[in-house]
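# What the coordinates show
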Amino acid sequence: MLQGMDENVERLRKFIGETEGDVLHVIGHSMGGVLTRHVFEENPDPRPGRLIAVGSPFLDCWVARRIGSLHAHGYTMLGRTVHDHISRPRETIWHGARDFGVLAGTYPFGIGGIFPNLPRPSDGVVLWEETRLQGRRDHVTFNLKHFGRLL
């Protein structure tokens, strides 16, 4: 994500607003879930529907912080949106009106594996505890890696 958090939230909000239909469900993977949260807390679409975040680091991103500190260009490799997310204070409670479900993985296979002290459980990119957004409708855990839930 070459754009920053605010630009990508606005792009997603615009895309959702241009999407046709009487009911709108949104599923966001990883940072997509974080962006979805911002859109629906700040300027929610009025249509009914549910939200699902898959492997989204709502509370922090341990792996991104470590990658960013490894190299002078670490944060550049991660992208501005990730950098913005981990640089800003995060609200730990979902304040939106819609039902918001969260899926988390516990199979630690991913870029986080380069760190021998990767906390567990994790999906190899996002720690299980980083997905524990308070106020959400459901939180379900699967023994899957970060990108394994996309299939």
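What you are looking at is a predicted structure, and each value in this text was computed from that prediction instead of being measured.

## So, the environment of Ser56
For Ser56, the location among the structural elements is in the loop between strand S2 (51–54) and helix H3 (62–70). Counting along the chain gives 48 residues from Ser56 to Ala104, while the straight-line C-alpha distance between them is 7.7 Å. Excluding its chain neighbours within four sequence positions, the residues that come into contact with Ser56 are Gly28, His29, Ser30, Gly33, Val34, Val126, Glu130 and Thr131.

## A word on unusual backbone geometry
Looking along the chain, the bond that leaves Arg120 and enters Pro121 is cis, with omega of 0 degrees. Even without being glycine, Ser30 reaches a positive phi, approximately 55 degrees. Here Ser30 is to be found in the loop between strand S1 (26–29) and helix H2 (31–42). On the basis of relative accessibility, which here comes to 14%, the residue Ser30 falls in the buried class.

## Focus: the confidence of the model for the chain
Low pLDDT means the predicted atomic positions in that stretch should not be read closely. Considering every residue of the chain, the mean pLDDT works out to 94; 97% of them sit at 70 or more. At the low end of the mean pLDDT range in the chain sits helix H4 (residues 74–78), at 83; at the high end sits S2, at 98.

## Comments concerning the nonpolar core
A general trend in soluble globular proteins is that nonpolar side chains are found buried together. Within the largest apolar cluster, 22 residues are counted, with the highest numbers of intra-cluster contacts made by Ile16, Phe40, Phe58 and Phe100. Mapped onto this core, the elements with two or more residues apiece are helix H1 (5–18), H2, S2, helix H5 (80–87) and strand S3 (100–105). Sorting elements by how many residues they give to this core places H2 first, with five residues. Apart from residues no more than four positions distant in its own chain, Phe40 is found in contact with Ile16, Leu24, Val26, Asp45, Leu51, Trp94, Gly96 and Arg98. Counting residues in each nonpolar core, the second largest holds six residues, with Val63, Ile67, Phe115 and Leu118 among its members.

## Description of a nonpolar patch on the surface
Side chains of Leu70, Ile111 and Ile114 sit close together on the surface and give an oily, nonpolar patch of about 290 Å² of accessible area. Mapped onto the secondary structure, Ile114 falls in the loop between S3 and strand S4 (138–142).

Conventions used here
- Residues numbered from 1 in each chain as written.
- Predicted model: local features only at pLDDT ≥ 70, side-chain atom pairs only at ≥ 80, totals over all residues.
- Heavy atoms only, no water.
- Helix = DSSP H or I, 4+ residues; strand = E, 2+ residues; numbered from the N terminus.
- Contact = heavy atoms within 4.5 Å.
- Buried < 20%, exposed > 50% of the residue type's maximum accessible area, 1.4 Å probe, protein only.
- pLDDT = per-residue confidence, 0-100.
- Core = buried A, V, L, I, M, F, W, Y, C linked by side-chain atoms within 4.5 Å.
- Patch = residues over 30% accessible without salt bridge, like charges linked within 9 Å, V, L, I, M, F, W, Y side chains within 5 Å.
- Areas by Shrake-Rupley, 256 points an atom, 1.4 Å probe, with all protein chains shown as cover.
- Salt bridge = Lys/Arg side-chain N within 4 Å of Asp/Glu carboxyl O.

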